[in-house]
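# Understanding the architecture of this molecule
If you want the building blocks of each chain, they are given just below.
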Amino acid sequence: MSLTRWALKKSPWVYHVALSPCNNCDIEILDLLTPRFDVERFGIKLVGSPRHADALLVSGSVNRHVLPRFIELYKQTAKPCVVFGIGSCALSMTMFRDSYNTVGPLDKVVKEIDPNAIIAYVPGCPPKPEAMILGVVKALQTL
Amino acid sequence: MKKTIVPLGPFHPLLEEAEYFKLIVEGEKVVDIDMRVGYMHRGIEELSTQKTWDQSTFVVERICGICSTSHPMAYVLAVEDLCGCEVPDRAKYIRSIICELERIHSHLLWVGLAGHFIGYDTVFMWGWKYREPVLDICEKLTGNRNHYAMMKPGGVRRDLNNDDFAWVHKEMDKVIKSTEMLVGAVLDDPVLHARTKGIGVLSKKDAIGYGTLGPTVRASGIPDDIRTDDPYNAYDRVDWKVITWEGGDVFAKAAVRLLEIIESAKIVKQCMDDMPDGPIDANIKNMPPGEGIGHAEAPRGEVFHYVRGDGGNSAVRHKVRAPSFMNIPSFKATCVGHTISDVALITAAVDPCYCCTERMAVVERATDKLVMSGRELEECSRKATENLKKEYGSPTKVEKTVQKILSDF
Amino acid sequence: MSEEKALSSIQNKFGSTLANVFQKNKRRVYITVDKKDVPAVCRFMFENLGGRLAIATAIDTRSGMEILYHFVFPKEYQVITVKTKVKKSSMEIESIAPFLDAANWIEREMHDILGLNFTNHPDMRRILMADDWPEGDYPLRRDFKERPR
């Protein structure tokens, strides 16, 4: 295990990216910070810039307008990083796959930018906060 | 003076959703604002025409996660208007309960975020902490924390268990109690008065001209509420009143939302008491060709749906109008003339489905020399609050209104 | 204002210019007018009767583009919809945004998704579709063919 990967496992700082979601996964992500779940006790912290982030929490099926911005944002993120697809939309685009404006799913988009990207999935519509915590823990265990 | 353009977004730590603002500033003062949306466009209107009438309720539910009952609500009202069917009484009461629970959790969410925007993180934590029991009630009644999937053209998808109501009553009492505490803490704080009063004033004329909706327009003193203007569900059978506030500033919007939580709790409790027995579904057999309009009051304002059918299995046109579509253009009237730091607060006051992802409290420890002890800092803050109290006067008018509403309850 | 008053005052004012008045039920009324009368009718409903523009809907039908302006009359429990039709050969209609700020965004949106042109609109730019969306390609038209991604 390289030093950077080992460092990635400790206190992951996350950046939250909304790529045309329905806002529900996003409020559940914010729920993680508040007193009932409080993930900051594990050192997980939401940061304001992708340059500070170890992980990207991505929600939503990717649409055309937001795609170039996401590519730029992914390039700015410090590598190595983990991309978490939060919610069913990011995984498979569910009911939005027939829409004229979406280009997703997330893994296809990310693999086009960086073939070696680490991608983890948390399914659910929306996933419960407990599920998100479990997803993060499982992803870090496999690193 | 030289004009400068300050871009805000699309991925900005302040806004949860991607949206782009172009602030044209002179010095620190905003002289014009321009917006670009479309980062969230998923083509739902077109998607809905590919699905059957029944499936479309799930599609419109995914328009917004926070208003995830209001959109299906307006949609099923439109479909029922199209085919002219009458909904059973029990379904009406169940619908009211779910809609009001959603309003409570949405307003608590907003109060928390608004507190966070002005750097008052205690309110953020309080608001979201007291929101959790409401989500627990939703989970118990409907099976999910956010997307409830309760609405169905002609009725509701699943029945509520009457045995749960005693527990819900108890939980609602707790919610009311904590909201009262929040109302006291937020509306009687001179610091918050100083920060939010006179900021982002939306005049009555602008509110009507831009066609703003919901708490935004009610804070400008116009009692515009679809629940009384075009009664649906069981809202005309229970006792509640429309909250309005004069002023149109950020403070008025906060006050309206906070007091609406208590009104909503009132509606939920009455609906549970009056809940009739009977069927929950009108079982629509066929869809005639024609058109229907449905509108419902979401936490942020009126949601408007228009459907047109040709007698087939799905709609040929489905138009959706969310409240933020009308509220966001009013930033042109409210933001101009204020400083950049106020813009975040003013845009948040409309509650345009933004959230904050960044903890803004920055702790700088350049030197480890102790400049002031904790006790000294506390003393300083007390003094500042006293001074503000002297300057702005004690908030007696607010206190009186709040007490009246609480005593009515 | 009583329930029937808004509708009857529109009928008094415009009389013969209204091609058709259809009252679906007590709360929903549909009025059909010619496209050149739309600004006058909308202005009267907004300024004199206190109606609030909820939204406008554009529909691509076989015989032309249909535009519906939905006005809500809060005190009368009523939604009055003004219907008009634009021929596909011209695709042009006068904008109501100059006197009604609420119509600004929705007219831009209708231009984006259906390609309608609004004359005298104060600020006609793209609002909804992506920057790289091809010009002259309108997703809600009947002849829109989705290209493979």
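Just so you know, these numbers come straight off a predicted model, no measurement behind them. (Residues numbered from 1 in each chain as written. Chains lettered and ligands numbered in written order. Predicted model: local features only at pLDDT ≥ 70, side-chain atom pairs only at ≥ 80, totals over all residues.)

Along its length, chain C carries three helices and seven strands. Reading chain C from its N terminus to its C terminus gives the helix and strand order α-β-β-α-β-β-β-β-α-β. Relative to the compact-globule value of 15 Å for 149 residues, chain C shows a C-alpha radius of gyration of 16 Å, a close match. Its C-alpha atoms give chain C principal-axis dimensions of roughly 55 × 30 × 25 Å. Looking at chain C residue by residue over its 149 residues, the buried ones come to 37%. Contacts in chain C between residues far apart in sequence, at least 24 positions, make up 52% of those at least 6 positions apart. (Helix = DSSP H or I, 4+ residues; strand = E, 2+ residues; numbered from the N terminus. Rg over C-alpha atoms; globule rule 2.2 N^0.38 Å. Buried ≥ 20, exposed ≤ 12 C-beta atoms within 10 Å, placed from the backbone. Contact = placed C-beta atoms within 7 Å.)

Let us now look at helix α14 (residues 340–349) of chain B. Of all 10 residues in α14(B), seven are buried; the element is thus mostly enclosed. Residues of α14(B) that are buried sit in contact with β2 (20–26), β3 (29–36), α4 (89–117), α11 (250–274) and α13 (331–334) of chain B.

Each partner contributes residues to the interface: chain C has seven residues there, and chain A has four residues. A class-by-class count of the residues in the side of chain C that touches chain A yields three nonpolar, no polar and four charged. (Nonpolar A, V, L, I, M, F, W, Y, C, P; charged D, E, K, R; others polar.)

Side chains of a nonpolar character, in soluble globular proteins, are inclined to be buried together. Counting 191 residues, the largest nonpolar core has V17(A) and V58(A) as the members making the most contacts within it. At 15 residues, the largest contribution of residues to this core is made by α4(B). Once residues lying within four places of it in the same chain are set aside, the contact partners of V58(A) are V17(A), L19(A), V83(A), F84(A), G85(A), I86(A), A90(A) and L106(A). (Core = buried A, V, L, I, M, F, W, Y, C linked by C-beta atoms within 7 Å.)

Turning to the confidence of the model for chain C, a few remarks are in order. All names here are of chain C. Counting all residues, the mean pLDDT for chain C is 87, and 95% of those residues have values of 70 or more. At the level of individual helices and strands, chain C shows its lowest average pLDDT in helix α1 (residues 5–14), which scores 87, and its highest in strand β2 (residues 28–33), which scores 93. Interface predicted TM-score (ipTM) for the complex: 0.92; the corresponding pTM is 0.89. (pLDDT = per-residue confidence, 0-100.)

All names here are of chain C. The five strands are arranged β1-β2-β5-β4-β3 in an open sheet whose pairing can be described as mixed. Among the strands making up the open sheet, the edge pair consists of β1 (18–25) and β3 (52–61). Each neighbouring strand pair of the sheet contributes to a mean axis angle of 20°, computed without reference to strand direction. Bridge count for β3 against strand β4 (residues 64–73) is nine bridges, and the pairing is antiparallel. In the strand pairing of β4, T57 is matched with L68. (Pairing = 2+ DSSP bridges. Axes fitted to C-alpha atoms, helices over the stretch in contact; angles between N-to-C directions.)

All names here are of chain B. In terms of strand pairing, β2 meets β3 through seven bridges, oriented antiparallel. Counted as the bridge partner of I24 is D32 from β3. Connecting β2 to the next strand, β3, in antiparallel fashion are two residues, including G27 with a positive phi near 65°.

With 33 residues of chain A at the contact, the number on the chain B side is 35 residues. Of all the secondary-structure elements, those providing two or more residues to the side of chain A that touches chain B are β1 (13–18), α2 (24–31) and α3 (67–76) of chain A. Of all the elements, α2(A) adds the most residues to the side of chain A that touches chain B, at five residues. Its residues assigned to classes, the side of chain A that touches chain B shows 15 nonpolar, 12 polar and six charged.

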